[in-house]
Structures are given as C-alpha cells and as structure tokens.
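Listed below are the residues making up each chain.
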Amino acid sequence: MKNRILRLREFIKEKNCDGIIINKEENLHYFSGFTGDDTMLVITMYDCYLVTDSRYIEQAKQQTDFAVFEQTMGLISRTAQLVRELNLVSVAFEGNALSYNSYVKLNDLLREYDIDFSVSVDLTELRTVKDSEEIKLIKKAIWISDEAYSHIIKYAKAGMSENEIACELETVMRRLGSQRPAFTTIVASGVRGALPHGTATDKLINDGEFVTIDFGAVYKGYHSDITRTFCIGQASDKQKEIYDIVLNAQLLGLKEIAPGKSGKEVDAPVREYIKNAGYGQYFGHGLGHGVGLEIHELPRLSPLSPTEKLEENMLVTDEPGIYLPDFGGVRIEDTVLVTANGCQPLTKSDKRLIEIM
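What you see is a predicted model; the values in this text were computed from it and never measured.

Give a description of the pattern of salt bridges that names residues and reports values.
Under the criterion given, the structure shown has 19 salt bridges. With a shortest N-O distance of 2.9 Å, Arg-127 and Glu-297 are connected by a salt bridge. Of the two residues, Arg-127 sits in the loop between β6 (116–121) and α6 (132–155) while Glu-297 sits in strand β13 (residues 297–301), which places them 170 residues apart along the sequence. Look at Glu-297 and you get buried, because its relative accessible area is 3%. For Lys-261, the salt bridge identified is with Glu-256, shortest N-O distance 2.7 Å. Under the relative-accessibility criterion, Lys-261 is labelled partly exposed at 25%. On the basis of relative accessibility, which here comes to 17%, the residue Glu-256 falls in the buried class. Three or more residues joined by partner-sharing salt bridges are found here, namely Lys-24, Arg-127, Lys-130, Glu-294 and Glu-297.

Structure follows, in structure tokens:
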C-alpha cells in the first residue's frame, strides 16, 4: 500500500491539491485495503484517514492502518468536518464516482471554510500497471474460471437450458473460492449467440448449436474474464469457418499485444483480419479491456482507445468475435499479461473447437 499512496500523493501534487477524497469502492480497496462501502478516504500529503459507520469500524481496523473515524452525523458531513480540521486548502475528488448530489453537499460545506473543492480526477490510470500481489490474485481468479470451464464442457448437453449452464458455472466457481460471479454470466446458444452480451435465459440448447459462455470469478476483489464457444453436437461447415476466423484473429491479437503499442495499434490488425475474411461489419466491439478490481477498466484495445502505450504488467483481454443475425456467433477471450517483450495469456482453457456429442 505504501507505494500506492506515494504515487497517489505525486498525482494530487501535480493537480495542485493538498488532499483528496476517495469514495469509489475499488479505490477504497486499492489504496487502503478496506473492502466495505459507504466509506470515504481522506488522504493528505502526510496522513491517511478512513471515515465510515458503526457497521464497518472493526472491519476497517483489521484491514487498514489508516486512522479510522466513525461517523454518526452522516458520511458527507463527517468527511467535510475532517477536511476542515486538517486545514486543507484544496481537495480533489473522484468526478467519475462521486454523485452530483454528494458533490453539491460536500462543496457547500467546504465552501463555508474557503476550501477549494473544484478539482475532479480519475484515479483509474494509477491502477493500470499491476504489482506482483495483484497479478497473483488475478491468476488465482483465472485458475478458478479455467477449472469451471473444464467442468462445464463435461456437464453440458442438449436439452439443458442456458440458465442451467450459468448456475453450474457459478456454483463450481464458488466451491473453488470465488466470492461471486465477476459479472452477470453470459450463456448464448444458437441464434442468441449473435448477442454479444446475451445473458443466460430459459432457452433450451439444441443439438447442432453453438454455445458462447462469457464468465469470470472474483478472488479477494480481483476479477477474471474468459469466453469460450463450443458446439453441442457436430458443427456445420459454416460454424467451423466462423470459428476458425475468430480463433486466428484471437491468436493474432496475442502476437500484437506488446509494451509500447497503443490500444488502437493492437486492435487494428485484428479488425483488419476479420474484415478481409468478409465479416468486418459483424465485429462491432473493441478487441479488449483491462481487468483488475473492476471487470472493465483501463487500458482499452479498440479503435477509440485512449491508451497511448501499453506497459509491462498491464492486464488486458483479447476477445474478438463475429455475430451473425439469425445464425449465431463466436467469441474467444483470454486474459493476457503484458510482459517485457510481448505478452503471456494467463487463461489456459483449450481454444480448439470442442464438439460435445
């Protein structure tokens, strides 16, 4: 945590502030180790404070070495009071996390004491390069999802519903140590495979249909993200053609991901490959996104990516797909670690087309 706080202090110094209020749950966790909600951190150039209510006092004392303050007058009011007591002059806030109503109330309270509360910041970029402990936790989350996939390809069969597959995936992951699903589990079979975010339904899976599953585990706050597409029964020539294009595109992505490249530079050749294969209009989303304390975070791999340069120990997904209306779709996704010379796919599940007979 010490290095994270040092980087944060450099960041707020660059913003000409002498403190920051943090309320986004992922950033509470990242900078303090605390895993609850309804809490605010006040971090200055010299000290770190956590303000919460009676539900979390003991938990906070166990999880962090911040000075812990119990609020009984309202979280915003107690935080404003603490800022005033610290004699801070200019305080930054998370503009992408603090609600408008909370900002207005805090600003009104701080303005009474001539405290500048006008600097909005986004702390996401401070979390993009993962440290060794974060990588260890993410690898554990990925192992859980890999194990769950190994189970599901033995479990799945024609006549099951998409919801049955999703329930089994989530149950197995919980048994293996996942806190919860990383997001609403996607199971899209048959023509529903044309829906990139087709969450599981009561639809029954028929023989000869593709099934795309996109799911993940959460281990000690850190996420995994995997997508695989398999076939119940024998795949048709058309299904094999689409699958091979997506697999080759995904493998191309692994060759492109490397330090020094921008998110646009990694995305472009993969997108061009799918376009040249005749399916460009059916790949509409970005190639990938960062993974960590959030399931979607920086960096981004897409035509609109703001990421100017990948760095060693960043984590991204590599997930091209083709989605054909009235036919179905294929997506293949790994979670990938950027290394000194290229990248390493951390997801180990087999990517060859599996036909479940």
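Account for the layout of surface pockets, with residues named and values stated.
Taken as a whole, the largest pocket spans an internal volume of roughly 350 Å³. Lining the largest pocket are 23 residues, and of these His-197, His-285, His-289, His-296 and Glu-319 lie nearest its centre. Residue composition of the lining of the largest pocket, by class: eight nonpolar, nine polar and six charged. If you add up the space inside the second largest pocket, you get close to 310 Å³. Per-element accounting of the lining of the second largest pocket gives the leading share, three residues, to helix α2 (residues 25–32). Looking at side-chain class alone, the lining of the second largest pocket contains four nonpolar, six polar and six charged residues.

The rules behind these values
Residues numbered from 1 in each chain as written. Predicted model: local features only at pLDDT ≥ 70, side-chain atom pairs only at ≥ 80, totals over all residues. Heavy atoms only, no water. Salt bridge = Lys/Arg side-chain N within 4 Å of Asp/Glu carboxyl O. Helix = DSSP H or I, 4+ residues; strand = E, 2+ residues; numbered from the N terminus. Buried < 20%, exposed > 50% of the residue type's maximum accessible area, 1.4 Å probe, protein only. 1 Å grid on protein atoms, 1.4 Å probe; cavity = no way out; pocket = protein on both sides within 12 Å on 5 of 7 lines; lining within 4 Å. Points joined across faces, edges and corners; volume = space filled by probe spheres on them. Nonpolar A, V, L, I, M, F, W, Y, C, P; charged D, E, K, R; others polar.

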